[in-house]
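Here is how the chains run, residue by residue.
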Amino acid sequence: MPETNKKNMLRTLVSTLPSVTFERSQALGDLGIHTVADLIKHLPSRYETHHGSMTIEHADTLLGEKERMNELATIETTIVSIKPGWRRGKRSRIEATAEDATGTIQINWFNQPWVAKSLHPDMRVRLHGSLSRHKNILQMNNPRWEEIDEGDELELIEGDLRPVYPANEGAPSTQIARLIEHVYEEAIEEIEDHLPEALRQELFIPELASAYKLAHKPTTADEAKSGRRRIAFDELFLLQLGVMVKRHHRRDVMHAPKLKWSEEIKIRIAKRIPFTLTEAQDRVIEEIASDMTTSTPMNRLLQGDVGSGKTVVALHAMLMAVTCDAQAALMAPTELLAEQHYLTIVQLLEGANVTCALLTSSLTTGERKKIVAAIAAGEIDIVIGTHALLTQDVIFSNIAIAITDEQHRFGVQQRALLRNKSDDENAIPHTLVMTATPIPRTLSLTIFGDLDVSTINCMPPGRSPITTKLVQPEDSDKVYSYVKSLVKKGQQSYVVVPLVEDTESGLKSAVDHAAFLQSGFLRGCNVEVVHGRMKSVERERTMQLFREGKVDVLVATTVIEVGVDVPNATIMVIEHADRFGLAQLHQLRGRVGRGSLPGVCALIASPTTDDAIQRLEAIVETTDGFRIAERDLEIRGPGELFGAKQSGIAPFRVARLPRDFELLRLAREIATTWVQRDPLIAESPLLKARLMKAYGETLGLGDVA
Ligand code: ADP
Ligand code: MG
């Protein structure tokens, strides 16, 4: 290559590399590989021990009397014949015979029908797979294979480890390896390191270029590990750095109203609350208050299981603002919950000189305008609403605290969008996020790394235990006759179904199921429906009737999963329980057991998938929200960093949690000291550029660094 092109290897499009066909470049594109840099970043998912190629005779001897051999063998051979074995729906078998000078081997490819199109007799292929023997015939099942182009012998591995790359049909691992081999020397020379040498030495991590070399071409397992570790560290470090830059900006550049807190205020609030706060509530209120009495903007997560009493904690924070003539906002994930919060708070504040307003999307334009104007004029002290609060036209006169009741619907992005009229760009409200789904420890250090956490770890007194039972659909009549017997005793029931209206899916819908129960199992009970597509007035009317005990059985979609609080409701039936997420089931179940009577949760399902079985087992096994959050993470896997998806943060390519937890801790430590010393990351322009590229947008670092 001419000298001038040399510096651009990393930016070269893979489609322009020799031997990359249009189809292959498409297939590579599907794997996220467009440039040589992408190719180099495409790391092996694992390594196979490479035995070197052997003759068929040698393979035969190696297998000996065994039926199957676990290690992999490589054989270079010539295809003699190919025939489709059989095909049933998606399942199929292709059978081929191959030979070399020493013998014959049979090859089977299961469920890879496309293989037949790519093979032809007389083709020289290199097979890589495990040997087996069936009816005295030497075999390889589903071997990886590649055509041997004469004169282009593959010298992939100098040692004995062979990388296996994430691949697809059009771009198999061996081809990716070959491409990497091709560009590798030149590409690696262009890789610049963004970490200073001293830091690398301190952490025992290799230079970036050698890390890639070690990952792609290791000679030992330790080398592969060391390369991977460096690259995983970089991923974790960049995220931590972003989080820390943001944290520094919030704490040292931004400011929030300094509020007052005293024993006197506390007593005044206590007079309005019909119960004594639990010790845990007391503690978290103090934690919040101590944040809000400084001008450093609070960024706190309040976690507490369903029913642990977070609302009244939120009320304290809001009243701290009101006491200082500032405003407070509380955002809920659903209209129903916003309405409920509004009612609760208005009731508690009856007769006090505090103005509250409810802002949801079901207001008429006129009503909305009026409320928005009153908010801007500072005539409303406490605004409760849904995400309708986050639209452009809502501008506060003087907001001091923004609270989000997110339950398990974590979305890291939407916060702090509530704003003031003031020209002071650096003024923001304190923020508090409430959740019933605790963040597992491993995740609390990632995207949530900038949150301080308060935990309510005990329940208010007088709560009753909940029994959870899994019931097969054919036994649902027993569940409903139990519901009926409880209704006769004056108790109430929820029945949750997945849909609003029936579709072809065969799943129960709220409307139909209510009619079905009313005319069948629950004849004589008063059955009503609520769902998200109802007008909020109607829904509120039905909810009110349910609260007053005038409705016995409430058939609902998941609109009731959050916050609904009716202590006389003692049994919850969940139809098609396998359709719900673990956190969702936990939330739903939290609607019962809220009074002095024990709660029952009947999950009707016959789960078919592995995940569903695990979810249902977990929910039956424990009522501990912390345990459930951890199980949820285990079942769904770390790929679903929760909240990460909605927040648009790309999952890590190499780092894996919780496996890399120690590395994460290290990355966090290094990021913290770095930002303390150099908050704008001016010391390393390259590091800064990479940080901005990775997280500039998602973490909103644009106006920060
Ligand atoms: P969550 O944490 O799920 O939001 P809530 O704030 O809705 O819980 O509280 C659940 C119920 O417990 C409400 O009816 C509330 O009035 C009641 N409650 C909260 N704190 C206490 C307490 N310390 N003692 C008795 N009841 C309480
Ligand atoms: Mg709540």
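Everything here concerns the structure above.
Just so you know, the residues in each chain are numbered from 1, in the order the chain's sequence is written. A letter from A marks each chain and a number from 1 marks each ligand, given out in the order of writing. Per-residue local features are limited, in this predicted model, to residues with pLDDT of at least 70; the limit for side-chain atom pairs, both in listing and counting, is 80 or more; totals at the level of whole chains, interfaces and linings are taken over all residues. Note that the side-chain values use all heavy atoms of the structure and ignore hydrogens as well as water.

**Concerning the nonpolar core**
- If you look at the biggest cluster of nonpolar residues, it comprises 62 residues, and the most contacted ones within it are F233, F237 and L241.
- Those elements that provide at least two residues to this core are α1 (22-30), α2 (36-41), α5 (173-190), α6 (197-203), α7 (208-216), α8 (221-252), α22 (661-677) and α23 (685-695).
- Numbering of helices and strands runs from the N terminus, with a helix taken as a DSSP run of H or I at least four residues long and a strand as a DSSP run of E at least two residues long. By residue number, the principal contributor to this core is α8, which donates eleven residues.
- The definition of a nonpolar core used throughout is a set of buried Ala, Val, Leu, Ile, Met, Phe, Trp, Tyr and Cys residues joined through side-chain atoms within 4.5 Å. For each residue, the accessible area found with a 1.4 Å probe, counting protein chains only, is set against the maximum for its type, and the residue is called buried under 20%, exposed over 50%, and partly exposed in between. Formed by 44 residues, the second largest nonpolar core is a distinct cluster that contains A280, A328, I345 and L348.

**Considerations on the site of ligand 1**
- Any residue with a non-hydrogen atom lying within 4 Å of a molecule or strand is treated as near it. Around ligand 1, 16 residues are found, and the nearest of them are G307, K310, T311, R463 and D565.
- We define a polar contact as two N or O atoms separated by no more than 3.5 Å, with the added condition that, inside protein, one atom must be a possible hydrogen donor and the other a possible acceptor, whereas residues neighbouring each other in sequence contribute only through side-chain atom pairs. Between ligand 1 and Q281 there is a distance of 2.9 Å, counted from a nitrogen atom to a side-chain nitrogen or oxygen.
- Contacts to ligand 1 include G309, whose backbone N or O atom sits 3.0 Å from an oxygen atom.
- For this classification, Asp, Glu, Lys and Arg are treated as charged, while Ala, Val, Leu, Ile, Met, Phe, Trp, Tyr, Cys and Pro are nonpolar and the rest, including Gly, are polar. Of the residues in the shell around ligand 1, the class split is four nonpolar, seven polar and five charged.

**Re the side chain of S130**
- Within the element layout of this structure, S130 appears in strand β6 (residues 124-134).
- Judged by relative accessible area, S130 falls into the buried class, the value being 10%.
- Of the polar contacts made by the side chain of S130, one reaches the side chain of R68; its length is 3.2 Å.
- Contacts: residue pairs with any heavy atoms within 4.5 Å of one another. Those residues in contact with S130, other than ones at most four positions away along the chain, are R68, M69, N70, E71, L72, Q139, M140 and N141.

**A look at the sheet that holds strand β21 (residues 527-530)**
- Two strands pair under a simple rule: DSSP has to find at least two bridges between them. One open sheet holds the six strands; their spatial order is β19-β24-β23-β20-β22-β21, and the pairing between them is parallel. Edge positions in the sheet fall to β19 (466-471) and β21, since each of these pairs with one other strand and no more. Strand-to-strand twist in this sheet, taken as the mean axis angle between neighbours without regard to direction, amounts to 20 degrees.
- Where β21 meets strand β22 (residues 553-556), four bridges bridge the pair, whose relative direction is parallel. Axis geometry follows a simple rule: fit a line to the C-alpha atoms, using only the stretch in contact for helices, then measure angles between N-to-C directions, giving values from 0 to 180 degrees.

**Focus on the packing of aromatic side chains**
- Each aromatic pair joins two rings of Phe, Tyr and Trp (for Trp, the six-membered one) with centres within 6.5 Å, and gets the label stacked for planes under 30 degrees apart, edge-to-face for over 60, and tilted for any other angle. With the rule as written, the count across this model stands at six aromatic pairs.
- A centroid spacing of 5.4 Å and a plane angle of 10 degrees characterise the contact between F233 and F237, whose relative ring orientation is stacked. Remark: F237 and F233 occur in helix α8; sequence separation between them is four residues, near one turn of the helix. Across the pair, exposure class does not vary: F233 and F237 are buried alike.
- A ring pair is formed by F516 and F521, whose centres lie 5.7 Å apart and whose planes are at 85 degrees; its orientation type is edge-to-face.
- Aromatic rings pair up to connect F233, F237 and W674 into one cluster.
- Sitting over the ring of Y184, K217 keeps its end group 5.1 Å from the ring centre.
- In this structure, R677 packs its charged tip against the face of W674, placed 5.0 Å from the ring centre. Note on criteria: charge over ring means Lys NZ or Arg CZ within 6 Å of the ring centre, with the direction from the centre no more than 35 degrees off the ring normal.

**Thoughts on the sheet that holds strand β13 (residues 382-385)**
- Strand order in the open sheet formed by seven strands is β12-β13-β11-β15-β17-β10-β18, with parallel pairing between adjacent strands. Each having just a single partner strand, β12 (356-359) and β18 (452-456) make up the two edges of the open sheet. Put simply, the sheet's adjacent strands are angled 20 degrees from each other on average, direction ignored.
- Sheet analysis places strand β10 (residues 299-304) next to strand β17 (residues 430-435), joined by five bridges and oriented parallel. Directly across from L302, in β17, lies its bridge partner M434.
- Set on the sheet, helix α11 (residues 310-323) makes contact with β10, β11 (327-331), β13, β15 (399-405), β17 and β18; between it and β15 the angle comes to about 165 degrees.
- Sheet strands touched by helix α13 (residues 365-376): β11, β12 and β13. Its angle to β12, the strand with the most contacts, is close to 135 degrees.

Read these as spatial facts, not as claims about activity.
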